[in-house]
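# Structural overview for review
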Amino acid sequence: MKKALINGITGQDGAYLAEFLLKKDYEVHGIIRRASMFNTQRIDHLYRDPHDPNARLFLHYGDLSDGTGLRRILEAVQPDEIYNLGAQSHVKVSFDQPEYTADVVGTGTLRLFEAVRDHLKNSKSDIRLYQAGSSEMFGSAAPPQLETTAFEPRSPYAISKVAGYWFARNYREAYDMFIANGILFNHESPLRGETFVTRKITRAVGRIKLGLQDKLFLGNLDAKRDWGFAGDYVEVMWKMLQHSEPDDFVVATGEAHSVREFLEAAFIHVGLDFKKYVEIDQRYFRPTEVDHLLGDPSKAAEKLSWKPKVSFQGLVAMMVDHDMEQAEREKLLVDAGHKVGQEGVANG
Ligand code: NAP
Ligand code: GDD
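Remember, it's a predicted structure, so these values are computed and weren't measured experimentally. (Residues numbered from 1 in each chain as written. Chains lettered and ligands numbered in written order. Predicted model: local features only at pLDDT ≥ 70, side-chain atom pairs only at ≥ 80, totals over all residues. Heavy atoms only, no water.)

## Remarks on the side chain of Asn84
- Residue position: Asn84 is located in strand β4 (residues 81-84).
- The buried category is assigned to Asn84, whose relative accessible area is 1%.
- Among the polar contacts listed, one links the side chain of Asn84 to the side chain of Asn7, at a separation of 2.9 Å.
- A distance of 2.8 Å separates the side chain of Asn84 from the side chain of Gln131, its partner in a polar contact.
- Setting aside residues up to four positions removed in sequence, Asn84 forms contacts with Asn7, Leu64, Thr109, Leu112, Tyr130, Gln131 and Ala132. (Helix = DSSP H or I, 4+ residues; strand = E, 2+ residues; numbered from the N terminus. Buried < 20%, exposed > 50% of the residue type's maximum accessible area, 1.4 Å probe, protein only. Polar contact = N/O pair within 3.5 Å; in protein donor to acceptor, adjacent residues only side chain to side chain. Contact = heavy atoms within 4.5 Å.)

Encoded structure:
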């Protein structure tokens with residue numbers, strides 16, 4: 001049985017990837033951060049008590065800021081594959097916390113690679129790594145963007161991801177380590193964090209439709225993104241590690257839409273006109289914006305036989321339908337006299 005170690009298993013992609021690998025009969029180990037409240041909601045449905053002889057998902061406390069801890073986890077787990085998905089992944093937040101973002105996203109990646117490098121020397125085992133790069137690295141480079149497009153990053157988050165990308169390239173060349181760089185364009189789902197724009201919109205659609213919320217405050221509606229479905233994208237992470245050699249791959253749908261188009265499609269799905277509910281708030285603008293991301297996934301299609309299955313309209317419908325159900329549950333609580341907070345909406 002192959003063993004995979006997922007750093008960032010509690011995030012959107014980590015949850016989909018864990019499910020995907022369990023279905024492929026992997027033993028899955030995940031790194032979680034200590035928090036004052038439970039933070040494993042996205043993977044609770046996959047978890048079994050470790051005393052259960054059939055348990056194949058195991059969790060370990062760790063953090064990208066703690067290299068010693070990462071080394072101990074490597075020794076304990078002895079993984080065949082490592083997926084580095086851990087990150088402070090919010091672009092706007094990276095302007096508020098640039099040092100922290102650089103430490104976790106840039107230096108944290110280096111800490112993990114260093115730990116693996118030493119582990120390989122001592123154990124003589126074979127480990128393949130996936131490094132979560134981002135289309136944000138392209139920044140202001142003209143679309144369409146592909147593997148040969150030069151990076152022009154426009155945020156502390158993107159700059160830190162570029163560092164992670166180059167650490168991967170350097171460790172691949174210098175130490176012959178198998179590290180694949182995935183350059184993934186935006187991917188969304190019902191598990192998407194509530195402060196990213198798609199989920200912020202679809203949650204608001206459900207709540208507005210049921211009278212739980214009056215307005216939705218957003219920033220720049222003109223930015224264009226190449227939005228795909230996270231469930232499709234975790235498959236290609238795995239494919240990169242099954243490939244004959246470590247390489248860099250752009251993962252995208254090849255279709256871009258503006259935030260305004262996503263907004264319109266989401267409100268229309270429940271029969272509402274977004275213009276009646278949306279207001280612009282300067283606090284959601286970034287000091288430097290990435291205007292147009294549109295990926296060319298030809299290399300992944302050709303070398304990994306991968307293509308996305310869920311369309312833009314399918315993605316919008318999936319997310320709105322999910323959040324309508326969530327709003328219905330919330331309304332039941334409100335009607336029964338419970339107070340329900342708007343967690344996550346404030347800083348998105
Ligand atoms: P996400 O939902 O924000 O999940 C991030 C994960 O990283 C969470 O499990 C989080 O733990 C963990 N994490 C945060 N700080 C950490 C630290 N200091 N040490 C260890 N783990 C830490 O992000 P995602 O959407 O799943 O994305 C996965 C990866 O792909 C990220 O690296 C992201 O930057 C990158 N990416 C995402 C997209 C996209 O569109 N989704 C596109 C390109 C690249 P907590 O749950 O405890 O916060
Ligand atoms: N979050 C947010 N909130 N974004 C808004 C809002 C708002 O109220 N209003 C407009 N936007 C615009 C942002 O300015 C940006 O142009 C676009 O919506 C998408 O923002 P996000 O959903 O926050 O995603 P992102 O593109 O900045 O970053 C995501 O994708 C990257 C890949 O390109 C994240 O998942 C990153 O981790 C990932 O690397």
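Still more ground to cover, so stick around.
## Overview of the packing of aromatic side chains
- Counted according to the given criterion, the structure contains 14 aromatic pairs.
- Between Tyr16 and Phe229, the aromatic rings sit 5.6 Å apart at their centres with planes inclined by 80 degrees, giving edge-to-face as the arrangement. One end of the pair, Tyr16, is in helix α1 (residues 12-23); the other, Phe229, is in strand β10 (residues 228-229), and 213 residues separate them in sequence.
- Relative accessible area serves as the criterion here: at 17%, Tyr16 is assigned to the buried category. (Phe/Tyr/Trp six-rings, centres within 6.5 Å; stacked < 30°, edge-to-face > 60°.)

## Quick notes on helix α5 (residues 156-175)
- Helix length check: α5, at 20 residues, gives a terminal C-alpha distance of 28 Å against a target of 28 Å (1.5 Å per residue), a fit within 8%.
- Within α5, the full set of buried residues consists of Tyr157, Ala158, Ser160, Lys161, Val162, Gly164, Tyr165, Ala168, Tyr171 and Arg172.
- Phi turns positive, to about 60 degrees, at Asp176, one or two residues after α5. (Expected span 1.5 Å × (residues − 1).)

## Brief notes about the site of ligand 1
- Among the 26 residues in the neighbourhood of ligand 1, the closest are listed as Thr10, Asp63, Ser89, Tyr157 and Lys161.
- Interatomic distance of 2.8 Å between a backbone N/O atom of Asp13 and an oxygen atom of ligand 1.
- In this structure, Leu85 approaches ligand 1 through a main-chain N or O atom, which is 3.0 Å from an oxygen atom.
- Coverage of ligand 1 by the protein amounts to 89% of the 900 Å² it exposes when considered alone.
- Only α1, α4 (98-123), β5 (128-134) and α5 provide two or more residues apiece to the shell around ligand 1.
- At three residues, the largest contribution of residues to the shell around ligand 1 is made by β5.
- Class assignment for the residues of the shell around ligand 1 results in nine nonpolar, twelve polar and five charged. (Near = heavy atom within 4 Å. Areas by Shrake-Rupley, 256 points an atom, 1.4 Å probe, with all protein chains shown as cover. Nonpolar A, V, L, I, M, F, W, Y, C, P; charged D, E, K, R; others polar.)

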